[in-house]
Amino acid sequence: MSILVTGGAGYIGSHTCVELLNSGYEVVVVDNLCNSNEESLKRVRKITGKEVKFYKIDLLDKSALTEIFHKENIDSVIHFAGLKAVGESVSKPLEYYYNNITGTLILCDVMRQFGVKDIVFSSSATVYGNPATVPIKENFPLSVTNPYGRTKLMLEEIFRDIYNGDHNWNIIMLRYFNPIGAHESGLIGEDPNGIPNNLVPFITQVASGKLNELGIYGNDYDTPDGSGVRDYIHVVDLALGHVKAIERLHNKHGIFVYNLGTGIGYSVLDMVNAFSKVCEKEIPYVIKPRRPGDIATCYADASLAKKELGWSAQRSLKEMCVDAWRWQKNNPNGYQNQ
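Sequence order as written defines the numbering, with residues in each chain counted from 1. With pLDDT at 70 or above as the cut-off, local features in this predicted model cover only qualifying residues; side-chain atom pairs require 80 or more to be listed or tallied, and sums for whole chains, interfaces and linings still use all residues. Side-chain metrics rest on all non-hydrogen atoms present in the structure, leaving aside hydrogens and water.

Enquirer: Sorry if this is basic, but what is going on with the UniProt feature "domain: NAD(P)-binding" (unreviewed entry) in the protein chain here?
Expert: UniProt positions are given in the numbering used here, feature names are shortened, and annotations may be inferred rather than shown by experiment. When the UniProt feature table is mapped onto this chain numbering, "domain: NAD(P)-binding" (unreviewed entry) sits at residues 4-321. End C-alpha to end C-alpha, residues 4-321 measures 30 Å, and it is 40% helix and 18% strand. The helix and strand labels rest on DSSP assignments: H or I over at least four residues marks a helix, E over at least two residues marks a strand, and numbering proceeds from the N terminus.

Enquirer: Explain the nonpolar core to me, please; I cannot follow it from the model alone.
Expert: Most often, soluble globular proteins keep nonpolar side chains buried together rather than apart. Of all hydrophobic cores here, the largest spans 41 residues; its most connected members are Val5, Leu20, Val27, Val29, Val120, Ile172 and Leu174. Those elements giving two or more residues to this core turn out to be strand 1 (2-6), helix 1 (11-22), strand 2 (26-30), helix 2 (39-48), strand 6 (170-176), helix 8 (235-251), strand 11 (255-260) and helix 10 (303-309). We call two residues in contact when some of their heavy atoms are within 4.5 Å. For Val5, the residues in contact, after removing those within four places along its chain, are Cys17, Leu20, Val27, Val28, Val29, Val30, Ile78 and Phe80. Take the buried Ala, Val, Leu, Ile, Met, Phe, Trp, Tyr and Cys residues and link them wherever side-chain atoms come within 4.5 Å; each set so joined is a nonpolar core. For the exposure calls, accessible area comes from a 1.4 Å probe over protein chains only, and a residue counts as buried if that area is under 20% of its type's maximum, exposed if over 50%, partly exposed in between.

Enquirer: Can you walk me through unusual backbone geometry in this structure?
Expert: With the exception of glycine, the majority of residues adopt a negative phi angle, and the majority of peptide bonds are in the trans configuration. Pro135 follows Val134 through a cis peptide bond whose omega is 0 degrees. Here Pro135 shows up in the loop between strand 5 (118-124) and helix 6 (147-165). With a phi close to 60 degrees, Leu33 is a non-glycine residue in the positive phi region. Following the sequence through the fold, Leu33 ends up in the loop between strand 2 and helix 2.

Enquirer: Explain the pattern of salt bridges to me, please; I cannot follow it from the model alone.
Expert: Close approach of charged atoms allows side chains with opposite charge to pair. Each reported salt bridge corresponds to a side-chain nitrogen of Lys or Arg within 4 Å of a carboxyl oxygen of Asp or Glu. Enumeration over the complete set of coordinates arrives at 16 salt bridges. Measuring nitrogen to oxygen at the nearest pair gives 3.8 Å for the salt bridge that ties Glu157 to Arg160. Here Arg160 and Glu157 lie together in helix 6, a separation of 3 residues that amounts to about one turn. Its relative accessible area of 39% is what places Glu157 among the partly exposed residues. A network of salt bridges, in which partner residues are shared, links Glu156, Glu157, Arg160 and Arg175.

Enquirer: Would you mind showing me how to read the sheet that holds strand 3 (residues 53-55) here?
Expert: Backbone hydrogen bonds are what pair the strands of a sheet, in a parallel or an antiparallel way. When DSSP locates at least two bridges between a pair of strands, those strands are taken to pair. The sheet built from 7 strands is open, its strands ordered 3-2-1-4-5-6-11 with parallel pairing. The open sheet is flanked by strand 3 and strand 11, the only strands paired with a single partner. Strand-to-strand, the axes of this sheet are offset by a mean angle of 20 degrees, without reference to chain direction. Pairing geometry for strand 6 and strand 11, over 6 bridges, is parallel. When the bridges of strand 11 are listed, Arg175 appears paired with Asn259. Between N-to-C directions, angles cover 0 to 180 degrees, with each direction set by a line fitted to C-alpha atoms, over the stretch in contact for helices.

Enquirer: When you look at helix 2 in this model, what are you seeing that I'm missing?
Expert: Two residues of an α-helix separated by three or four positions point the same way, owing to the 3.6 residues in each turn. Every buried residue belonging to helix 2 is among Glu39, Ser40, Leu41, Arg43, Val44 and Thr48, and all of these are buried. In the core, the buried residues of helix 2 are packed alongside helix 1, strand 2, strand 3 and helix 11 (317-330). Positive phi appears at Gly49, one or two residues downstream of helix 2, with a value of about 70 degrees.

Enquirer: Just to check I follow, could you spell out the side chain of Glu190 for this structure?
Expert: Among the structural elements, Glu190 can be located in the loop between strand 7 (178-180) and helix 7 (199-207). Residues counted as positive are Lys and Arg, residues counted as negative are Asp and Glu, and His and the chain ends are not counted. Nearest to the buried, unbridged Glu190 among oppositely charged side chains is Lys84, at 4.5 Å. Within polar-contact distance, the side chain of Glu190 engages the side chain of Asn198 at 2.8 Å. Discounting chain neighbours no more than four positions away, the residues touching Glu190 are Tyr11, Lys84, Pro179, Asn198, Pro201 and Trp327. Pairs of N or O atoms within 3.5 Å make up the polar contacts considered here, provided that, within protein, one atom can donate a hydrogen while the other can accept it, and that residues adjacent in sequence are counted only when both atoms are side-chain atoms.

Take a look at the structure:
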């Protein structure tokens, strides 16, 4: 039996493939490589010493996806694939709705065709919108402030409807907060195309001299230092959460939702200072206007995942920074020119 990992060549996907293989699972990856690189999977093989099957396809290609289900003995699915940049989603809503929602509908239809009804869905803390209080619990009201978040919220509702229509489905929706860091080997990490959308790769590229300065979007939020506060989680801890989710799907049927975060909020300026200490240099930054769709504070209550999945984040902020910096130093151009 194999786990199908959609978007498995991406940042979170590749780290999850490592942890799945290390836990004894067979892994099949589908990825269109629009925001990832096949080199990551070669390095997954190097880290684990195990094979991972890869198919370069788009989930929108139903016939190609169907052929993979014919060829491989798929048992469960972890679904990462999707466009994910908040700012871009505001300017390209049609692309985000079409890609993220249609691709998932096709995936679920093919799964149903082959009787595969176990899926772990990559959701996001963005479905909480601008929460009235923190830390955020899974039963908080849901709302969204951008089209990317709306695709995640719509898909959560679709998965609930799928389960209500057929209780043979087993679904876990993981709402994760802000993954950072990299594998301790320095072989795989976050490799954004062009200018990074996420904070940490931007910081590491400034620290390495690849970029001149960091843009901090807003310093007038209602937070201790005016910059946005987020829950940053080590990507390996996040990957291990997916392994725990697969284990639960195999042992307990139903539909479940869990936050994956540390429960600690760090501001953008906290992150800048933490990285400065690790890389032993100043991180130049400039304050810019707030971005559309951004909120002030967002961090998790992850106690339900600890109780029901037996999972909790283990790695410290310093470890996150050290691992992210090692990845950047070892791979100044990411996976390019390898």
